[in-house]
Each structure stands twice: as C-alpha cells, then as structure tokens.
Amino acid sequence: MTDKSTIWEQDGIDSGWFLAKDIGSVRSTASYRPGGWWFLAKWLPDTEEHDIGPFKTKAAAMAEAERLAALQ
C-alpha cells in the first residue's frame, strides 16, 4: 500500500464490522461467526473459505489485513 495510515471505518449497519476501502473488512465474532475476529480481503470473493483468521483481537486482524494488502 502506501506510507499513509489506513483508515478503518465502522459499518453503519453492523457495529462489529470495520471496512477499509482498498483492503477489505474485519468482522467481530459477535457480528459474524465464533472464534475471534475475521478478515476478508477486498480482492477475494465474499465466501467463508476466503476468511482469514480467527484473530484474538481487532487490532491483530487489522494489522494482518494491512500487511496482506501491502503484498498485493
């Protein structure tokens, strides 16, 4: 990506989802599915087999999302 900080925005409908325009979404266990926080990359289809995780914390999921996006 770039040296700029990624801006994660909380979804207006489901407060357990966070979106970053060029990266994808991070979803909480309460909003999505059990086990922790999940990342779905923007460049992958929105299907369960493409979920990356679970992560113990939202920060860990977001950090991995940003790391993987930088490799794209």
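A brief report on the enclosed structure follows. Owing to the predicted nature of the structure, the values given are computational and were not obtained by experimental measurement.

### Some details on the sheet that holds strand 2 (residues 17-20)
Strands pair in a sheet through their backbones, by hydrogen bonds, and they do so in one of two ways: parallel or antiparallel.
Consideration 1: One open sheet accounts for five strands, arranged 1-2-3-4-5; its pairing is antiparallel. Both outer strands of the open sheet, strand 1 (9-10) and strand 5 (52-55), are each paired with one neighbouring strand and no more.
Consideration 2: Here strand 3 (residues 24-27) runs beside strand 4 (residues 37-41); their pairing, made up of four bridges, is antiparallel. If you follow G24 over to strand 4, its bridge partner there is A41.

### Description of the nonpolar core
Consideration 1: W8, I23, V26, W37 and F39 are the most contacted members of the largest nonpolar core, which totals 14 residues.
Consideration 2: For this core, the secondary structure elements donating two or more residues are strand 2, strand 4 and helix 1 (58-71).
Consideration 3: Top element by residues in this core is helix 1. It accounts for five residues.
Consideration 4: Those residues within four positions of W8 in sequence are excluded, and the remaining contacts are F18, L19, A20, I23, G24, S25, V26, M62, A65 and E66.

The rules we used
- Residues numbered from 1 in each chain as written.
- Predicted model: local features only at pLDDT ≥ 70, side-chain atom pairs only at ≥ 80, totals over all residues.
- Heavy atoms only, no water.
- Pairing = 2+ DSSP bridges.
- Helix = DSSP H or I, 4+ residues; strand = E, 2+ residues; numbered from the N terminus.
- Core = buried A, V, L, I, M, F, W, Y, C linked by side-chain atoms within 4.5 Å.
- Buried < 20%, exposed > 50% of the residue type's maximum accessible area, 1.4 Å probe, protein only.
- Contact = heavy atoms within 4.5 Å.

Everything listed here is a matter of coordinates, which is why it stays silent on function.
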